[in-house]
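Report on the structure
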Amino acid sequence: MKKKRPPRRPKQRNTAFDHVRQMIVLVPAAWKAGRDGLPLERAARIAGARSAADVKDVVDALGAFDVGPSMPEDFLAVSVVDGRVVVDSALHLVTPPPLSVREAAALMAALRPFAAGGGPAVAAALRKLRRAVPAPFREQADELARTTDFPIDPPGEWADALSEAIERRLEVDLEYRAEGTGTAAARTVEPRALFHQGGHWYLAAWNVEKEEEHLFRLDRIASAVIGTRAFGEHKGPPLERYRTRHLYFQSGGERDVKVRLTGDAATAALERWPGQAARNDDGSVTLAMRVTPGNFLYGWVLGHGGRAAIEGPDEARAGLAERVEELRRLYAAT
């Protein structure tokens, strides 16, 4: 009689790792599908997901990415619309430009953890990155990439303790360095979540003393000691707001602003924001946006070099006119 083999244990899934790997595969496939998008069932097969529902969860969790400076056009958005994965981006997925040795090594090292299970998409990306390095320096870039490691989990001395406190819902005593002075102050918090945004890791936690939600950058935490007091339900607003493109929250000063664009700026607006831009009879384009009138809006309009003008509301037009007058006086004095 043959001896029965013990049943295999299900393989443990590294959720963060798998989500990133699946997104690496999904983005180019959905991009190639065009405006119609990629059906969820096909997306699940391409990404190696267990079901269409898993694909939707991945897209909801990692739906948008910032690339470069925080300007409206520097983004890559992935969403599920009518059962299809759709990529919306002002960027163009093209052959990478010539890279320095360090740039190529950093990108190859970041992809290295996904090479084994990433499929053809990751393999092709690695080949393109390597070809982007001038031939005499490729061997040096390969060696540098092999000796460089990029952590997937939250980094820092206190990440494990904070993760444990979040899981067990235990209060934590922090020493946190202020950005301006660098001095550390004690804070007692109820930790909620660790997340990455804009190149930094953050702890979202309820400040017990001030009774409000605070964000703490992990690299500014001087110490973290898990306490003994357990807390119940998490306090604070929904954590979904930390999954947006920018670490930005409504201030109450937002307004519905319309900007008229001409020339190349008009063409670019139609391509980048087809749902918010409308062509006018004279060939210009009116772009509607929800934004706070201030430095960001005024700088963006002025950056178009006369090809953009605020149509409304009046307070936004007046604010821009005041800013232009300030600049005129500044440069007239010099």
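Residues numbered from 1 in each chain as written. Predicted model: local features only at pLDDT ≥ 70, side-chain atom pairs only at ≥ 80, totals over all residues. Heavy atoms only, no water.

Here the focus is the overall build of the chain. In terms of regular secondary structure, the chain is built from 10 helices and 13 strands. Expressed as a percentage of the 334 residues in the chain, the buried residues total 34%. Considering only contacts in the chain between residues 6 or more positions apart, those separated by 24 or more positions represent 59%. Carbon together with sulfur atoms contributes 53% to the accessible area of the chain, which is approximately 20,800 Å² in total. (Helix = DSSP H or I, 4+ residues; strand = E, 2+ residues; numbered from the N terminus. Buried < 20%, exposed > 50% of the residue type's maximum accessible area, 1.4 Å probe, protein only. Contact = heavy atoms within 4.5 Å. Areas by Shrake-Rupley, 256 points an atom, 1.4 Å probe, with all protein chains shown as cover.)

A surface patch of nonpolar side chains, about 470 Å² in accessible area, is lined by Leu302, Val324, Leu327, Leu330 and Tyr331. Residue contributions to the nonpolar patch peak at 4 residues, all from helix H10 (residues 314-333). Mapped onto the fold, Leu302 is located in helix H9 (residues 295-302). Judged by relative accessible area, which is 39%, Leu302 ranks as partly exposed. (Patch = residues over 30% accessible without salt bridge, like charges linked within 9 Å, V, L, I, M, F, W, Y side chains within 5 Å. Salt bridge = Lys/Arg side-chain N within 4 Å of Asp/Glu carboxyl O.)

Strand order in the open sheet formed by 5 strands is E8-E7-E6-E5-E9, with antiparallel pairing between adjacent strands. Two strands in the sheet have a free side with no partner beyond their single neighbour: strand E8 (212-217) and strand E9 (221-230). In this sheet, neighbouring strand axes are inclined to one another by 45 degrees on average, regardless of whether the strands run parallel or antiparallel. Summarising the sheet, strand E5 (residues 170-177) and strand E6 (residues 184-197) pair through 6 bridges and their orientation is antiparallel. When the bridges of E6 are listed, Asp173 appears paired with Thr188. The sheet strands contacting helix H7 (residues 159-168) are E5, E6, strand E7 (200-207) and E9, and the helix crosses E6 at an angle near 85 degrees. (Pairing = 2+ DSSP bridges. Axes fitted to C-alpha atoms, helices over the stretch in contact; angles between N-to-C directions.)

Time to look at the packing of H9 against H10. Relative orientation of the contacting elements H9 and H10 amounts to 70 degrees, with a least axis distance of 10 Å. The angle between the axes of H9 and H10 places the two elements in the roughly perpendicular class. Between H9 and H10 the crossing geometry is right-handed. Mapping the contact onto sequence places Asn295, Leu297, Tyr298, Val301 and Leu302 in H9 and Glu315, Ala316, Gly319, Leu320, Arg323, Val324 and Leu327 in H10. Class assignment of the residues belonging to the contact of H9 with H10 gives a composition of 8 nonpolar, 2 polar and 2 charged. (Parallel < 35°, antiparallel > 145°, perpendicular 65-115°, else oblique. Left-handed = near helix turned anticlockwise from the far one by under 90°. Nonpolar A, V, L, I, M, F, W, Y, C, P; charged D, E, K, R; others polar.)

On to the pattern of salt bridges. All told, the structure shown has 15 salt bridges when counted by the stated rule. Across the salt bridge formed by Glu233 and Arg169, the nearest N and O atoms sit 4.0 Å from each other. Remark: Arg169 occurs in the loop between H7 and E5 and Glu233 occurs in the loop between E9 and strand E10 (255-261); sequence separation between them is 64 residues. A salt bridge links Glu315 to Arg255, with the shortest nitrogen-to-oxygen separation between them at 3.2 Å. Here Glu315, found in helix H10, pairs with Arg255, found in strand E10; they are 60 residues apart in sequence, far enough to count as distant. Here the salt bridges share partners, and the residues they tie into one network are Glu171, Glu190 and Arg229.

Our next topic: the environment of Phe114. By the secondary structure assignment, Phe114 is in the loop between helix H4 (101-111) and helix H5 (119-131). The spatial distance from the C-alpha of Phe114 to the C-alpha of Val20 is 8.3 Å, given a sequence separation of 94 residues.

Next up on the list: the packing of H4 against H5. With their axes 10 Å apart at the nearest point, H4 and H5 run at an angle of 165 degrees to one another. Judged by the inter-axis angle, H4 sits roughly antiparallel to H5. Here H4 and H5 pass one another in a crossing that is left-handed. Across the interface between the two elements, Ala104, Leu107, Met108 and Leu111 of H4 pack against Val122, Ala125, Leu126, Leu129 and Arg130 of H5.

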